[in-house]
Amino acid sequence: MDEVFKALADASRRALLDSLNARNGQTLRELCAGLDMARQSVSKHLAVLEEAGLVATVRRGREKLHYLNAAPVHEIADRWISRYDRARVQALADLKLALEETSMDAPTFVYTTYIRTTPQKLWQALTEPAFTRRYWATEFTTDWSVGSPMTWDNHGVLISDPEQVVLESEPCSRLSYTWHAITPELAKRFGWDEELLARLSGEARSKVTFTIEEAAAQVVKLTVVHDGFEPGSSMAEMVSHGWPNVVASLKSLLETGEPLPDDA
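Please read all numbers here as calculations on a predicted model, not as lab measurements.

A. Main features of the packing of helix α7 (residues 119-127) against helix α8 (residues 129-136). Contact geometry for α7 and α8: axes closest at 5 Å, N-to-C directions at 70 degrees. Relative to α8, the element α7 is oriented roughly perpendicular. Of the residues in α8, those touching α7 at Gln124, Ala125, Leu126 and Thr127 are Pro129, Phe131, Thr132 and Tyr135. Split by residue class, the contact of α7 with α8 holds five nonpolar, three polar and no charged.

Laid out in structure tokens, this is it:
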């Protein structure tokens, strides 16, 4: 955590995070244009933020897009906020809230974390029902071949749709699939009203991609990219709050043997 605190201590780096909080997915050129800093200085600050895990990057063609990553602050909050008087750490709690409530008008949601595990075990945790039901209350019925259909059991609701398919499947390296359909049964399960159900049902189908990379001995870098959203997407807002909790519970399961409590 030392790198995270050091990165946040610099006003210029906090300004970069503020810029990404206002509009995620910016190129280096766009970040330089919005801040009174030289390109070289911005590059150096971004490198520090990326090393601390506060910024994640995704390649789109020849461009490198930068995204604010809430994972490190999320972990700080989980580790310490509950142990001390909340008033004494209100600034940290406010920062965590700001990072996780990033505007989702940007076309992509990116979340990166590091897990003490192996690529093989992480792949199992992403694909096998014995794992997914424990940290996500979700199971998939599929053979995980590219183009294969997927049936979701999402919190006890079965969802089948011809457009729910596997897009990429490179064991222990990369996995991508289309997001599930929105059904009245799912709306009933989560207590969504008719207006929200209609809004979600009318949105274009999104997709999620998991990238698994070895970072060190018994440490794996997991990057979750969820994209395909329209501007103002209700689903984008929902997954921006949901993914940090799902990934944190996945991390806890692999590192401790137990997922986070349902109310975590």
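B. Region of interest: the sheet that holds strand β6 (residues 157-170). Pairing is antiparallel across the open sheet formed by seven strands, whose spatial order is β3-β9-β8-β7-β6-β5-β4. Of all the strands in the sheet, just β3 (108-115) and β4 (138-141) have a single pairing partner and so form its edges. For this sheet the average axis-to-axis angle between neighbouring strands, irrespective of direction, equals 25 degrees. Where β3 lies against strand β9 (residues 219-227), eight bridges are found, and the strand directions are antiparallel. Opposite Thr108, over in β9, you have Asp227 as the bridge partner. In this fold α7 packs onto β3, β4, β6, β7 (174-178), β8 (207-216) and β9, with an angle of close to 160 degrees to the strand it touches most, β8.

What counts and what doesn't
Residues numbered from 1 in each chain as written. Predicted model: local features only at pLDDT ≥ 70, side-chain atom pairs only at ≥ 80, totals over all residues. Heavy atoms only, no water. Axes fitted to C-alpha atoms, helices over the stretch in contact; angles between N-to-C directions. Helix = DSSP H or I, 4+ residues; strand = E, 2+ residues; numbered from the N terminus. Parallel < 35°, antiparallel > 145°, perpendicular 65-115°, else oblique. Contact = heavy atoms within 4.5 Å. Nonpolar A, V, L, I, M, F, W, Y, C, P; charged D, E, K, R; others polar. Pairing = 2+ DSSP bridges.

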